[in-house]
Amino acid sequence: MLNNQFLTDSLISALAHLGLQTTPDDWFFQSIALTGILIFAGLSSWITKSILNSSLRKLVSKSKNGFDDELHEHGFFRRIGHIIPALVIYLFSQLLIENPSLLAFLQKSSIIYLLVSTVMAISALLNTVEDTYNASSLAKKAPITGFIQVGKLFVVIIAGLLIISNLMDKSPLLLLSGLGALTAILLLLFRDTILGFVAGIQIAANRMVNTGDWIEMPNFGADGEVLQVGLTTVKVQNWDKTVSTIPTYTLITDSVKNWRGMSESGGRRIKRSLNIDIQSIRFCDQDMLDEFAKIRYIKSYIQAKLEKLQRFHSEQHIDTTDLVNSRRLTNIGTLRAYMQSYLENHPDINKDMTLMVRQRPPTELGVPLEIYCFCSNKNWVAYEGIQSDIFDHLLAILPAFRLRAYQRVSDRP
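The model shown is predicted, which means the values in this text are computed figures rather than measured ones.

What counts and how
- Residues numbered from 1 in each chain as written.
- Predicted model: local features only at pLDDT ≥ 70, side-chain atom pairs only at ≥ 80, totals over all residues.
- Heavy atoms only, no water.
- Patch = residues over 30% accessible without salt bridge, like charges linked within 9 Å, V, L, I, M, F, W, Y side chains within 5 Å.
- Areas by Shrake-Rupley, 256 points an atom, 1.4 Å probe, with all protein chains shown as cover.
- Salt bridge = Lys/Arg side-chain N within 4 Å of Asp/Glu carboxyl O.
- Helix = DSSP H or I, 4+ residues; strand = E, 2+ residues; numbered from the N terminus.
- Buried < 20%, exposed > 50% of the residue type's maximum accessible area, 1.4 Å probe, protein only.
- Pairing = 2+ DSSP bridges.
- 1 Å grid on protein atoms, 1.4 Å probe; cavity = no way out; pocket = protein on both sides within 12 Å on 5 of 7 lines; lining within 4 Å.
- Points joined across faces, edges and corners; volume = space filled by probe spheres on them.
- Nonpolar A, V, L, I, M, F, W, Y, C, P; charged D, E, K, R; others polar.
- Core = buried A, V, L, I, M, F, W, Y, C linked by side-chain atoms within 4.5 Å.
- Contact = heavy atoms within 4.5 Å.
- Phe/Tyr/Trp six-rings, centres within 6.5 Å; stacked < 30°, edge-to-face > 60°.
- Lys NZ or Arg CZ within 6 Å of the ring centre and 35° of its normal.

**Re a nonpolar patch on the surface**
On the surface, Phe147, Ile157, Phe190, Ile194, Phe197, Val198 and Ile201 cluster together into a nonpolar patch covering about 530 Å² of accessible area. Among the elements of the structure, α7 (145–168) and α10 (191–206) are those that each provide at least two residues to the nonpolar patch. Of the residues forming the nonpolar patch, the biggest block, 4 residues, is contributed by α10. With respect to the element layout, Phe190 can be found in the loop between α9 (183–189) and α10. A relative accessible area of 30% places Phe190 in the partly exposed class.

**Notes on the sheet that holds strand β4 (residues 243–247)**
Spatially, 5 strands are ordered β4-β3-β2-β1-β5 in an open sheet, and the strand pairing comes out antiparallel. Strands with a single pairing partner mark the edges of an open sheet, and in this sheet they are β4 and β5 (257–258). Relative to β4, strand β3 (residues 233–238) is paired through 5 bridges, and the arrangement is antiparallel. Its bridge partner lying in β4, Val234 is registered against Ile246.

**What to know about empty space enclosed by the protein**
Under the defined criterion, the tally for this structure stands at 1 cavity of 30 Å³ or more. The volume enclosed by the largest cavity comes to roughly 90 Å³. If you go around the largest cavity, the residues you meet are Pro143, Gly146, Phe147, Gly196, Phe197, Gly200, Ile201, Ile203, Ala204, Val229, Gly230 and Leu231. Mapped onto the lining of the largest cavity, the elements with two or more residues apiece are α7 and α10. Among the elements that line the lining of the largest cavity, the one with the most residues is α10, at 6 residues. For the lining of the largest cavity, a count of residues per class yields 8 nonpolar, 4 polar and no charged.

**Some thoughts on the nonpolar core**
Ranked by internal contacts, the top residues of the largest apolar core, which has 35 residues, are Ile270, Leu343, Ile371, Ile390 and Phe401. Listing elements by their share of this core, those giving two or more residues are β6 (268–276), α13 (286–292), α14 (299–316), α15 (331–344), β8 (367–375) and α16 (380–397). Filtering out sequence-adjacent residues up to four positions away, Ile390 remains in contact with Ile270, Tyr342, Leu343, His346, Ile349 and Ile371. Counting 11 residues, the second-largest nonpolar core is a separate cluster that includes Val209, Ile215, Val226 and Val234.

**Re the packing of aromatic side chains**
Scanning the entire structure with this criterion turns up 7 aromatic pairs. A ring pair is formed by Tyr338 and Phe401, whose centres lie 5.6 Å apart and whose planes are at 50°; its orientation type is tilted. Pair noted here: Tyr338 is in helix α15 and Phe401 is in the segment after α16, with a separation of 63 residues, a long-range link. Summarising the burial analysis for this pair, Tyr338 and Phe401 share the class buried. Put simply, the rings of Phe292, Tyr297, Tyr338, Tyr342 and Phe401 touch in pairs and so form one group of aromatic residues. Here Arg268 stacks its cationic end above the ring of Tyr383, 4.7 Å away from the centre of that ring. One residue, Arg327, lies across the ring of Phe312, its end atom 4.9 Å from the ring centre.

Rendered as structure tokens:
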């Protein structure tokens with residue numbers, strides 16, 4: 001009260017020296033007081049920003065800690081500076097303003113200004129925490145964007161309740177008690193938010209999906225890299241650079257194919273068949289065997305097979321000219337051995353993972369020889385190039401084994 005009277009008397013005395021006679025409850029005095037408060041608030045805001053932009057920037061630049069740099073980039077200190085003029089308006093209005101209506105307006109406005117500034121500062125702080133976390137190795141284990149958004153939503157709701165209670169001159173607890181009757185409506189309005197929050201906990205705990213993962217969700221037309229796992233939505237950049245937005249809770253309710261396992265493994269799978277025309281399959285004659293023995297990858301295979309067959313015929317007393325009882329090499333079996341050896345010597349095939357060439361059941365499209373192996377280069381473009389090079393070579397070498405790839409002949413001219 002003494003401070004109030006002192007400031008009021010000082011202002012009236014200053015005005016009297018200027019030849020202006022007034023009283024504390026006069027509209028002229030109230031206008032001068034209001035103008036002075038606003039000028040002082042603006043001056044305090046300018047001083048605060050000057051200090052934060054000059055002195056604080058130097059301290060941040062000298063600091064080796066990157067967290068304060070992120071705070072500065074997100075405008076945390078600049079937003080904190082708005083709290084000072086809000087406090088100036090609130091405090092000095094109590095000391096100088098006598099008009100009840102004007103005093104109530106200034107105090108309510110300053111409180112709202114203070115709350116909004118605080119919310120913006122907390123939002124900048126949470127953004128800094130999110131960016132710092134995403135830049136760390138922990139971000140590969142679990143995303144926190146959803147939890148950051150929950151924190152922002154919680155802060156906004158609390159600030160909103162305080163602003164409403166300030167405008168209505170009611171206790172925030174009274175407003176909270178009144179919200180109990182609106183529970184059903186709130187659950188309906190925040191359905192996706194609640195489901196997204198629960199899903200976010202499960203996603204983070206089980207490491208189901210993270211930013212940077214490549215996922216497929218055919219029901220939503222999503223096939224690409226996860227850009228962001230938010231509270232209510234997940235953004236996926238598809239292979240054609242379009243962006244699909246998916247509700248977060250569908251990651252735990254719908255089928256999701258995550259390619260992270262392939263990315264973290266030692267290779268990307270190649271599983272493709274080469275269809276051989278059945279009419280080109282035959283036993284190997286001596287001329288063919290002589291030619292095959294010159295091929296580097298199967299030279300030892302041919303020698304080992306011929307020795308094994310010779311021992312078998314000798315032990316079983318079978319004449320090699322007996323086509324029914326004797327065993328002979330086939331061109332398709334020899335090709336399969338060549339394909340196996342070729343892959344085992346290929347520099348871009350991971351030898352520590354499954355590697356095989358198998359013959360699948362014959363179909364109307366020929367006999368499939370399926371390659372099942374893993375390319376050590378997991379980059380999509382490089383992977384497709386390596387896979388194409390392998391089959392280019394195998395298709396081109398078929399005539400050397402007296403084989404043909406199956407190709408359906410059209411009856412149309």
